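# Remarks on the overall topology
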Protein chains: 4
Amino acid sequence: MQTFSSKIRVSYSDTDQMGFVHHSNYLKYYETGRWNLFRQLGMPYKRIEQEGFLLPVVDVQIQYLKPAFYDEVLTIETSLIQFKGVKLAVGFKLFNEDHELINTATIILAFISKHSRKPCKPPTALVKLYKEHLQTDLQIV
Amino acid sequence: MQTFSSKIRVSYSDTDQMGFVHHSNYLKYYETGRWNLFRQLGMPYKRIEQEGFLLPVVDVQIQYLKPAFYDEVLTIETSLIQFKGVKLAVGFKLFNEDHELINTATIILAFISKHSRKPCKPPTALVKLYKEHLQTDLQIV
Amino acid sequence: MQTFSSKIRVSYSDTDQMGFVHHSNYLKYYETGRWNLFRQLGMPYKRIEQEGFLLPVVDVQIQYLKPAFYDEVLTIETSLIQFKGVKLAVGFKLFNEDHELINTATIILAFISKHSRKPCKPPTALVKLYKEHLQTDLQIV
Amino acid sequence: MQTFSSKIRVSYSDTDQMGFVHHSNYLKYYETGRWNLFRQLGMPYKRIEQEGFLLPVVDVQIQYLKPAFYDEVLTIETSLIQFKGVKLAVGFKLFNEDHELINTATIILAFISKHSRKPCKPPTALVKLYKEHLQTDLQIV
């Protein structure tokens with residue numbers, strides 16, 4: 001399984017009065033990570049919406065191992081784990097500037113039709129693109 | 001000019017590492033204040049959107065006088081200042097639990113059509129409702 | 001196990017362009033839910049910090065069953081599942097105005113010392129308070 | 001007056017159900033813009049805090065000219081307008097990918113001591129740095 005790496009810098013507004021990044025913001029970082037990956041693969045999430053799909057989150061598992069701090073440049077490693085029916089599972093690892101693993105997550109998204117708001121198969125072009133570009137052990141079940 | 005009073009409690013996620021409420025969150029508090037006022041008047045903002053209007057913010061002026069802190073219950077005083085053409089000006093005062101004025105703002109919103117995304121006159125029912133309910137010096141220019 | 005119920009209203013800023021509440025905001029709702037419960041029990045989280053403790057989140061599991069929408073009044077059911085060593089597990093169920101279960105979560109928090117930033121036992125008064133007030137099957141392991 | 005240019009990409013979580021960037025998020029973009037400028041000048045805001053200062057916002061004026069959309073790469077032009085006593089005024093212009101001016105702002109910040117939480121003169125090194133690096137019409141009053 002290939003992983004895609006991207007970086008984000010922690011904003012001041014991401015911190016809370018503990019002096020840590022507030023735990024809700026990791027979901028925003030991971031969202032940035034996966035859309036960076038989609039863009040890299042030639043299928044920006046914006047285009048997926050333009051083609052009539054939405055891809056909401058349906059399941060989240062996060063482990064907070066160490067805190068993140070203001071102004072740190074964090075590295076997000078994003079891996080496509082599995083396409084299965086209408087669902088896409090994505091794995092994330094987050095590293096700080098000292099290369100310490102500070103957070104891990106698995107997030108499952110589901111394709112729905114923008115118009116019917118019902119679950120639907122992912123765009124064929126997208127699945128094809130992933131298979132070609134990744135040449136990985138990505139499972140299309 | 002009548003003012004409408006509502007309360008919000010500061011969330012932990014609203015704070016930043018200074019230990020204060022992050023300055024961007026006051027805009028969320030004032031948004032809550034004005035939609036509370038609209039709801040009170042019998043015209044929830046939700047219905048305004050359902051009837052085909054949007055009411056984006058076009059101008060903001062905020063003075064930060066004192067910080068706000070986690071868990072404080074803040075009082076938002078909201079006043080409709082003026083309807084003028086497609087625009088609505090709203091004034092805000094924010095008080096802490098010691099009744100100290102900690103923040104003031106004037107926010108201007110503009111009615112636009114949900115479909116054309118162009119400026120448009122506010123819903124007649126809304127203007128009428130305000131005039132009746134407020135019986136104030138609200139200016140409809 | 002007793003559950004504690006509290007309500008929040010979905011803010012406009014909580015929505016995203018799908019028209020749903022953005023998935024990161026559920027963590028804010030659940031934070032509100034558990035601090036409402038702590039306040040109800042006579043030990044506001046604010047006091048816990050004042051007494052030298054912090055209670056960061058270390059593990060999150062969320063299932064998104066149905067979307068939430070702007071202006072809905074959601075009911076958060078919060079249950080203390082387990083105190084174990086330095087950790088506290090809390091369960092959440094979120095219901096919409098039609099009494100539909102739209103989201104569930106289990107969140108684990110860990111007590112750390114505000115000064116050393118190291119894990120530490122929870123305040124004795126807090127554990128005692130929970131046992132007295134809840135008279136539940138809350139497990140103190 | 002020199003301006004400093006930096007870029008940000010609009011996150012999905014920055015949008016609201018109008019399909020626009022929520023108006024509160026511009027304050028986050030401008031915060032990123034000014035700390036990018038400070039970092040460029042060799043005085044990251046992080047170091048300012050480490051040296052015992054805080055720099056909260058005390059006044060905001062924003063004009064929203066056109067909306068911003070998901071995934072756009074926006075250009076923030078940041079200008080230091082004036083140091084005056086304990087205050088720093090910063091000007092901002094925000095451009096979309098079509099080089100249209102979509103938002104302008106003036107934000108005033110005030111130096112306070114991290115310990116006393118009282119207003120204080122800015123760090124001498126910071127003022128010196130700006131004068132040297134900018135060689136501009138920056139006013140130190």
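Residues numbered from 1 in each chain as written. Chains lettered and ligands numbered in written order. Predicted model: local features only at pLDDT ≥ 70, side-chain atom pairs only at ≥ 80, totals over all residues.

### Focus on the overall build of chain A
Across its full length, chain A holds three helices and eight strands. Going residue by residue from the N terminus, the α and β elements of chain A occur as β-α-α-β-β-β-β-β-β-α-β. Here chain A has a C-alpha radius of gyration of 16 Å; the compact-globule value for 141 residues is 14 Å, and the two agree. If you line up chain A on its principal axes, its C-alpha atoms span 45 × 30 × 25 Å. The proportion of buried residues among the 141 residues of chain A is 40%. For chain A, long-range pairs separated by at least 24 residues make up 66% of all intrachain contacts whose partners lie at least 6 apart in sequence. (Helix = DSSP H or I, 4+ residues; strand = E, 2+ residues; numbered from the N terminus. Rg over C-alpha atoms; globule rule 2.2 N^0.38 Å. Buried ≥ 20, exposed ≤ 12 C-beta atoms within 10 Å, placed from the backbone. Contact = placed C-beta atoms within 7 Å.)

### Comments concerning the interface of chain A and chain C
Interface size is commonly expressed as the accessible area that is lost once the parts come together. If you look at the interface, chain A gives 17 residues, while chain C gives 17 residues. Listing elements by their share of the side of chain A that touches chain C, those giving two or more residues are α1 (25-40) and β3 (57-64) of chain A. Considering each element in turn, the side of chain A that touches chain C owes the most residues, eight residues, to β3(A). Looking at side-chain class alone, the side of chain A that touches chain C contains eleven nonpolar, four polar and two charged residues. Here five bridges tie β3(A) to strand β3 (residues 57-64) of chain C, and the two strands are oriented antiparallel to one another. Bridge pairing in β3(C) places D59(A) opposite Q63(C). (Nonpolar A, V, L, I, M, F, W, Y, C, P; charged D, E, K, R; others polar. Pairing = 2+ DSSP bridges.)

### Details of the relation of the copies chain A and chain C
With an axial shift of 0.0 Å and an RMSD of 0.0 Å, the rotation relating chain A to chain C amounts to 180°. Look at the turn and shift together and you get a two-fold axis relating the two. Within chain A, Q61(A) has its C-alpha nearest the rotation axis, a separation of 2.3 Å. Of all interface residues in chain A, 100% are interface residues in chain C too; the two copies therefore contact each other through one and the same surface. (Least-squares fit on C-alpha atoms with pLDDT ≥ 70 in both.)

### Section: unusual backbone geometry
Residue and element names in this part refer to chain C. Of note in the backbone geometry, H99 takes a positive phi value of approximately 65° without being a glycine. On the secondary structure map, H99 appears in the loop between β5 (87-95) and β6 (101-110). Phi at R117 is positive, roughly 60°, even though this residue is not glycine. For R117, the location among the structural elements is in the loop between β7 (112-113) and α3 (124-134). Looking at R117, the number of C-beta atoms within 10 Å reads 14, which means it is partly exposed.

### As for helix α1 (residues 25-40) of chain C
Working note: α-helix, 3.6 residues per turn, so residues spaced by three or four point in the same direction. Taking 1.5 Å as the rise per residue, α1(C) with 16 residues should run 22 Å; its terminal C-alpha atoms sit 23 Å apart, in good agreement. Burial runs high along α1(C): 13 of the 16 residues are buried. (Expected span 1.5 Å × (residues − 1).)

### Quick word on the pairing of β3(C)
Pairing analysis gives seven bridges linking β3(C) to β6(C), with the strands arranged antiparallel. Bridging from a neighbouring strand, I62(C) pairs with A105(C) of β6(C).

### Some remarks on the interface of chain A and chain D
The interface is formed by eleven residues belonging to chain A together with eleven residues belonging to chain D. Per element, the largest residue contribution to the side of chain A that touches chain D is four residues, and it comes from α1(A). The residue inventory of the side of chain A that touches chain D, partitioned by class, reads four nonpolar, three polar and four charged.

### Comments concerning the relation of the copies chain A and chain D
With an RMSD of 0.0 Å, the fit of chain A onto chain D corresponds to turning through 180° and sliding 0.0 Å along the axis. Counting the interface residues of chain A, we find that 100% of their copies in chain D are interface residues as well, pointing to one common contact surface.

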